[in-house]
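Close look at the chain arrangement
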Amino acid sequence: GGPALIMDEFGGSRHADSAAASADVAGGLGISWSYWSVLQLHDPTGNPREALLNQQTGRPSRRKARALAVAYPVATAGTPGPVAFNRSTGAFAYSYRVDAHVHAPTEIELPRWAYPRGYRTQVRGARVVSVRDATVLLLRAQPSATMVTVSVRRIP
């Protein structure tokens, strides 16, 4: 159905809020994205504080990691439907039409930065086949299902 879309080269600043806003715009449009700078390796066009990782320790900036840690479907065993993620509450909702010819599970990324104490799921049309609080939630459609809906809630 046309070219693959990806939004990249955003985040060239020290402001985590602008990175979060950019990721949210892309996610709301169903567009893949990648953050501009993991490490600032003396790029003369860059900002010394734009990197996600601290150059000395290799640890992520907490503010940027939280800004970029969003739940999203990695692979869908069917036709993707709407995706919603609320970063302040951790609420995630997704639905998709099942393709019986796809035998792999649906994979949904649920990063620890977004769900530090874990999460609870509600699923219709599929069963969870991953371990509890896995960072990749795996769903396998029930044999008679045509649609799957999943909602995830952060444990406070």
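Our subject is the structure that appears above.
For the structure given in this document, a descriptive report is provided here. (Residues numbered from 1 in each chain as written. Predicted model: local features only at pLDDT ≥ 70, side-chain atom pairs only at ≥ 80, totals over all residues. Heavy atoms only, no water.)

**A look at the pattern of salt bridges**
- For the coordinates displayed, the defined rule picks out 3 salt bridges.
- Of the charged contacts, one joins D17 and R63 as a salt bridge, the two residues approaching to 3.7 Å between their closest N and O atoms. Residue D17 is found in helix α1 (residues 16-29), and its partner R63 is found in helix α2 (residues 62-68); the two are separated by 46 residues along the sequence. The pair D17 / R63 is uniform in exposure class, with both members exposed. (Salt bridge = Lys/Arg side-chain N within 4 Å of Asp/Glu carboxyl O. Helix = DSSP H or I, 4+ residues; strand = E, 2+ residues; numbered from the N terminus. Buried < 20%, exposed > 50% of the residue type's maximum accessible area, 1.4 Å probe, protein only.)

**Looking at the sheet that holds strand β3 (residues 72-75)**
- Across the sheet, 4 strands lie side by side as β3-β6-β9-β8; this open sheet has antiparallel pairing. The sheet terminates laterally at β3 and β8 (126-128), the two strands that pair on one side only. Strand-to-strand, the axes of this sheet are offset by a mean angle of 35°, without reference to chain direction.
- With 4 bridges connecting them, strand β6 (residues 106-109) and strand β9 (residues 136-141) associate as antiparallel partners. (Pairing = 2+ DSSP bridges. Axes fitted to C-alpha atoms, helices over the stretch in contact; angles between N-to-C directions.)

**A few points about the packing of aromatic side chains**
- Applying the stated rule across the entire model yields 5 aromatic pairs.
- Here Y94 and Y96 contribute two aromatic rings whose centre-to-centre distance is 5.7 Å and whose plane-to-plane angle is 35°, an arrangement assigned as tilted.
- A relative accessible area of 3% means that Y94 is categorised as buried.
- Overall, the relative accessible area of 1% leaves Y96 in the buried class.
- Residues Y115 and Y119 carry aromatic rings whose centres are separated by 5.7 Å and whose planes lie at 70° to one another, so their mutual orientation is edge-to-face. Here Y115 matches Y119 in class, with each residue buried.
- By the ring-pair criterion, three or more aromatic residues cluster together here, those being F10, W33 and Y35. (Phe/Tyr/Trp six-rings, centres within 6.5 Å; stacked < 30°, edge-to-face > 60°.)

Worth remembering: the numbers are spatial, not functional.
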